[in-house]
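# Structural features, examined
Here is how the chains run, residue by residue.
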Amino acid sequence: MMSVNDGIPDEKTYAQMAENIHAAGCVSLAMSMAMQTGLVKVLMEASQPLSSQQLADQARLKERYVRELLSSLAALKLIQLEEGSGGSDGRPPMFFLPPQHRTSFEHSATGAVSVSMVGSRFTRVRALFSRDCPDQGLTYNDDFFHDMELSFEPSKDRVAAAILKTPGLKEKMERGLRALEIGCGSANVSCHLAAQFPKSHFLLTDLSPEGAESARRTIKRLGLTNVSVQLMDIYQSPQDWADRYDWIFAMDVIHDLPYPLKALQEVRRMLKPGGHFSMVDMFMSSYLSENVGNPLAAALYTIGTFLCIPESYQKADSQALGPCWGEQLALRLVKEAGMEVLDLIDTLREAPRLIALCMCQKAN
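Below: a short report on this structure.

What counts, and where the lines are drawn
- Residues numbered from 1 in each chain as written.
- Predicted model: local features only at pLDDT ≥ 70, side-chain atom pairs only at ≥ 80, totals over all residues.
- Heavy atoms only, no water.
- Helix = DSSP H or I, 4+ residues; strand = E, 2+ residues; numbered from the N terminus.
- Rg over C-alpha atoms; globule rule 2.2 N^0.38 Å.
- Buried < 20%, exposed > 50% of the residue type's maximum accessible area, 1.4 Å probe, protein only.
- Contact = heavy atoms within 4.5 Å.
- Areas by Shrake-Rupley, 256 points an atom, 1.4 Å probe, with all protein chains shown as cover.
- Core = buried A, V, L, I, M, F, W, Y, C linked by side-chain atoms within 4.5 Å.
- Pairing = 2+ DSSP bridges.
- Right-handed = clockwise from strand over helix to strand, strands pointing away.
- Axes fitted to C-alpha atoms, helices over the stretch in contact; angles between N-to-C directions.
- Salt bridge = Lys/Arg side-chain N within 4 Å of Asp/Glu carboxyl O.
- Polar contact = N/O pair within 3.5 Å; in protein donor to acceptor, adjacent residues only side chain to side chain.
- Parallel < 35°, antiparallel > 145°, perpendicular 65-115°, else oblique.
- Left-handed = near helix turned anticlockwise from the far one by under 90°.
- Nonpolar A, V, L, I, M, F, W, Y, C, P; charged D, E, K, R; others polar.

Another aspect to go through is the overall build of the chain. In terms of helices and strands, the chain carries 15 helices and 10 strands. Taking 2.2 N^0.38 as the reference for a compact globule, 364 residues should give roughly 21 Å; the C-alpha atoms of the chain span a radius of gyration of 22 Å, in line with that estimate. Along the longest, intermediate and shortest principal axes, the C-alpha atoms of the chain span 65 × 65 × 40 Å. Across the 364 residues that make up the chain, the buried fraction comes to 54%. For the chain, the share of sequence-separated contacts (at least 6 apart) that also reach a separation of at least 24 residues comes to 74%. Accessible surface, the chain: about 16,700 Å² in total, of which carbon and sulfur atoms supply 52%.

Next up on the list: the nonpolar core. One finds L39, L55, L73, I79 and F95 to be the most contacted residues of the largest nonpolar core, which totals 49 residues. Contributing elements (two or more residues each) for this core: helix 1 (11-36), helix 2 (39-45), helix 3 (52-59), helix 4 (63-75), helix 5 (102-112), helix 6 (120-129) and helix 14 (295-312). Beyond its immediate sequence surroundings of up to four residues, L39 is in contact with A34, L55, A59, L61, V66 and L69. In this structure, L203, A263, V267 and A330 belong to the second largest nonpolar core, which totals 35 residues.

What follows is about the pairing of strand 5 (residues 201-206). Counting buried positions over the 6 residues of strand 5 gives 5, a clear majority of the element. Pairing geometry for strand 4 (residues 178-182) and strand 5, over 4 bridges, is parallel. In the strand pairing of strand 5, R178 is matched with H201. Where the polypeptide runs from strand 5 across helix 11 (residues 209-222) and back to strand 6 (residues 227-231), its parallel neighbour, the crossover connection is right-handed.

The 7 strands lie next to each other as 6-5-4-7-8-10-9, forming an open sheet whose pairing is mixed. Each having just a single partner strand, strand 6 and strand 9 (339-346) make up the two edges of the open sheet. With direction set aside, neighbouring strand axes in the sheet form an average angle of 20 degrees.

Moving on: the pattern of salt bridges. According to the stated counting rule, one finds 10 salt bridges in the structure shown. Residue K41 pairs with E45 through a salt bridge whose shortest N-O separation is 2.8 Å. Taken together, the positions of K41 and E45, both in helix 2 and 4 residues apart, correspond to about one turn of that helix. Looking at K41, the relative accessible area reads 53%, which means it is exposed.

A word on the sheet that holds strand 1 (residues 50-51). Strands sit in the order 1-3-2 across an open sheet of 3 strands; the sheet is antiparallel. Each having just a single partner strand, strand 1 and strand 2 (80-81) make up the two edges of the open sheet. In the sheet, strand 2 pairs with strand 3 (residues 94-96) via 2 bridges, with the strands oriented antiparallel. Considered in strand 3, the bridge of L81 is made with F95.

Turning to the side chain of N226, a few remarks are in order. Considering the arrangement of structural elements, one finds N226 in the loop between helix 11 and strand 6. Residue N226 is classed as buried on the basis of its relative accessible area of 9%. A distance of 3.1 Å separates a polar side-chain atom of N226 from the backbone oxygen of A194. One polar contact links the side chain of N226 to the main-chain carbonyl oxygen of S200, over a distance of 2.9 Å.

Bringing the packing of helix 8 (residues 156-163) against helix 10 (residues 188-196) into the picture now. Across the interface, helix 8 lies against helix 10 with an axial gap of 9 Å and an inter-helix angle of 65 degrees. As summarised for this structure, helix 8 and helix 10 are arranged roughly perpendicular, according to the angle between their axes. As for the relative orientation of helix 8 and helix 10, their crossing is right-handed in sense. For the pair formed by helix 8 and helix 10, the contact residues are K156, D157, V159, A160 and I163 on the first element and N188, V189, H192 and L193 on the second. Residue classes in the contact of helix 8 with helix 10 are distributed as 5 nonpolar, 2 polar and 2 charged.

This is the structure:
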């Protein structure tokens, strides 16, 4: 007798299929953007591999946005990355579209335009690509923070459990410590820990009034009395906060900042000697060539194009690293800031290194 489960993929295969669907949806937006900014036309006409700068010049676009977008397409092999480029030797990525793929690519890119109906953000980010646009980036709004509240809520238990694996941190929280979160947004994780450790005090900071208000909603919902909220720019933190905090936390924030190294140096300055810094972020590879073929990387490059690059690209000299700044660069910047990396722990078992916790410590 035939089982109703015959032909149904096993759990691992199904999970991969689900990830691929998500990645494909994200990359459809990238294909639409390539079509609407003229990049498809330039790729179709190119007779040899071109760098993101060359492609940006031909399409009269800003190179940093073009590079993130092309990385998305290359990671899913919709366009090709020239062998030997985009790797650890520093040679820039070189992109090309094989002649035999061009008709299919153009058809797919044209169809993907319908996927781009994502409201005002898509239209505004599209404008940012143009060199004629005076704005560099686009800050997150209240809708974004509301969505982040919903997206981070399911993972707060896993992230909090990973944080408490830091040697000695749980005991400090039980006794009562002074904690700081930067770029708090909804602050689901910090508030979850504040509820567990009432003797500790948590200061939640965000540059955005919408982000601070999101944190206040979480505090009110949980009825917390050991948490406060303050508007703060990490680059203008009070001078008397030096050596002030036992624990500092950043959740999906550092790569969104215009100057990540400077922010990490501020974190070190505010930590007490022996204090801990917990950084939850994306930890794919820093090198595009190592992300090619990875649908999750393709999705992250697309998310970077529409969310992270606009948020961090507020000034012409912003680093605008994007969510695929990667494990190699992230760990190097932490060390350059003067902190020791204790461990790197995956917080999503089903997607290794997509989101991970970097445990750091300031030397005594």
